[in-house]
Each structure stands twice: as C-alpha cells, then as structure tokens.
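# Close look at the chain arrangement
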Amino acid sequence: MPARSKTSDAEIVRAALELLESRGAEGFSMADLAGAVGVRAPSLYGRFADRATLIDAVEVEQWCELGRRLHAAATGRGALAVLTRQARAYRAFAKANPAAYALMFRIDADRSEAGQAARAAAVAASLPAFAALVGSHAALPAARVLTPFLHGFVSMELAGAFRLGGGVDAAFEHGVATILRGLSRAGRPTAPPRRRRPRRPP
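Scope of this entry: the structure provided in the associated data block.

## A short note on the packing of aromatic side chains
A full pass over the atoms with the stated rule returns seven aromatic pairs. Both rings, one in Tyr-101 and one in Phe-105, keep their centres 5.0 Å apart while their planes meet at 50 degrees; by these two values the pair is tilted. Taking relative accessible area as the criterion, Phe-105 reaches 26% and is therefore assigned partly exposed. Put simply, the rings of Trp-63, Tyr-90, Tyr-101 and Phe-105 touch in pairs and so form one group of aromatic residues. Taking NZ or CZ as reference, Arg-51 lies 4.7 Å from the ring centre of Phe-28, over its face.

## Some points on the packing of helix α5 (residues 79-96) against helix α9 (residues 139-158)
Interaxial distance between α5 and α9 falls to 10 Å at its minimum, and their mutual angle equals 35 degrees. Helix-helix and strand crossings are classified by hand; for α5 and α9 the assignment is right-handed. The segment α5 lies against α9, with Ala-87, Tyr-90, Arg-91, Ala-94 and Lys-95 engaging Leu-150, His-151, Phe-153, Val-154, Glu-157 and Leu-158. Considering only residue class, the contact of α5 with α9 consists of seven nonpolar, one polar and three charged.

## Remarks on helix α2 (residues 30-37)
Residues Met-30, Leu-33, Ala-34 and Val-37 constitute the buried set of α2. The buried residues of α2 all sit within an arc of 100 degrees when viewed along its axis, so they share a single face. Here the buried face of α2 lies against α1 (9-23), α3 (41-45) and α4 (51-72). Once α2 finishes, Gly-38 follows within two positions and takes phi at roughly 80 degrees, a positive value.

## Regarding the environment of Leu-66
Along the polypeptide, Leu-66 turns up in helix α4. Assessed through its relative accessible area of 2%, Leu-66 is described here as buried. Separated by 27 residues in the primary sequence, Leu-66 and Phe-93 place their C-alpha atoms 6.8 Å from one another.

## With respect to the packing of α1 against α4
Contact pair α1 / α4: the axes reach a minimum separation of 9 Å and the direction vectors enclose 90 degrees. Looking at the two axes, α1 sits roughly perpendicular to α4. Facing α1, whose interface residues are Ile-12, Val-13, Ala-16, Leu-17 and Leu-20, α4 presents Leu-54, Ala-57, Val-58, Glu-61 and Gln-62. Partitioned by chemical class, the residues of the contact of α1 with α4 number eight nonpolar, one polar and one charged.

## Considerations on the pattern of salt bridges
Where charged atoms of side chains with opposite charge meet at close range, the side chains can pair. Under the defined criterion, the tally for this structure stands at eleven salt bridges. The salt bridge involving Glu-65 is made with Arg-69; its shortest N-O contact spans 3.1 Å. Highlighted residues: Glu-65 and Arg-69, both in helix α4, separated by four residues, approximately one helical turn. Across the salt bridge formed by Glu-157 and Lys-95, the nearest N and O atoms sit 3.3 Å from each other. Within this pair, whereas Glu-157 is found in helix α9, its partner Lys-95 is found in helix α5, the two being separated by 62 residues in sequence. Of the residues examined, Glu-157 reaches a relative accessible area of 17% and is grouped as buried. Via salt bridges that share partners, Glu-61, Glu-65, Arg-68 and Arg-69 belong to a single interconnected network.

Reading the values: the criteria
Residues numbered from 1 in each chain as written. Predicted model: local features only at pLDDT ≥ 70, side-chain atom pairs only at ≥ 80, totals over all residues. Heavy atoms only, no water. Phe/Tyr/Trp six-rings, centres within 6.5 Å; stacked < 30°, edge-to-face > 60°. Buried < 20%, exposed > 50% of the residue type's maximum accessible area, 1.4 Å probe, protein only. Lys NZ or Arg CZ within 6 Å of the ring centre and 35° of its normal. Axes fitted to C-alpha atoms, helices over the stretch in contact; angles between N-to-C directions. Helix = DSSP H or I, 4+ residues; strand = E, 2+ residues; numbered from the N terminus. Left-handed = near helix turned anticlockwise from the far one by under 90°. Contact = heavy atoms within 4.5 Å. Nonpolar A, V, L, I, M, F, W, Y, C, P; charged D, E, K, R; others polar. Arc of directions from axis to C-beta. Parallel < 35°, antiparallel > 145°, perpendicular 65-115°, else oblique. Salt bridge = Lys/Arg side-chain N within 4 Å of Asp/Glu carboxyl O.

In short, shape yes, function no, at least from these values alone.
Here it is as structure tokens:
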C-alpha cells in the first residue's frame, strides 16, 4: 500500500476510533492502525509515543465531541427544555459510540491534563442550564444528580440489560423528566413566612 504524503494526528485518531468501535479496545494493534491510515507503523510512533498515548488521544477527542454535542443542544430558551435536549444528546452519543463511551469512563485511567480539561469542558456545557434551573450555587450538585442517572441508564442499555418489556425510550424520558422536575422544585427558594399583624384589642 503506498504511503500517504501527509497523515494528520486527527486522521489517525479518527481511524483508531473506527477500529475501536469495530474491534474493541484490545482488538487492534498499531500495525493495524498504520495500515488503516496508509503509513508504516514506525511513522505512528513519531506522533504518539505508544499505544496508550494514542488511546488517551481517542478518549480526549471523544470528550470534546460529547462537549460539542451538549453545546449544540443548549440552544433555545427554558432550562428544562435545554437539559432535556442535552440528556437526549448524551444518550445518542453513547449509543453511537459504545466502545469509546466505555473508554471514557475507565476507572483506572491516569488521565492527562488535556483529558481532564476535555472532561471539564463537557460538563461545563450543561452548567448554565442547571444554574438557571436551581441557582448558580447548586448547579454542580444538580448536575451530579442527573449525570449518574444518564450514565447508569445508557450503560445498562448498551449492555442489553432492559429485558422486562416496556418502552426503553419512554423510561428514559420519564427518568429525565422526573429528576429535572424534582431538581426544579428543590431549587426554588422558599418564600419567607408572612408576618402576622398584631391583633387589635376589642
């Protein structure tokens, strides 16, 4: 196979993502990736120190992509509507990239500064809507209420765990709506008690 004159890091990461989704995280080698982009394997090591560095680059790009999708879903008015669209975008992303999604939540990963920044940027896409819903002081705690539901739901869905019948889409919508309504009610400031006027003597 003739080598391409130029192969960008972005092309290599995209090819690695395709191999990841088709073969799994351990299902391809650097030689396989080199063949996919039309270069020799040693050329890859001039761009990525090793396979672990390449996998980290794939993870960073996927966090960036998730952030882009969440930002795109943040248009329009109404915090509830925005967060509902972002929840749907989150689920759609995970279902479209199941292997990469699992990679993004590796527990034992030692993430780089770029990885941490990409994760933070993705989370930040939803914080304005949470702030509008519950107040800026409670935006991050509120995000930490909805996010575990989203992650747990899509992880079980990807694993084929919902086998008791019923509509999975309807269950997802119900869960998101219930959590957001609860957060909305909990985040509303309570009105101070009305002071009673002293009763006049008869």
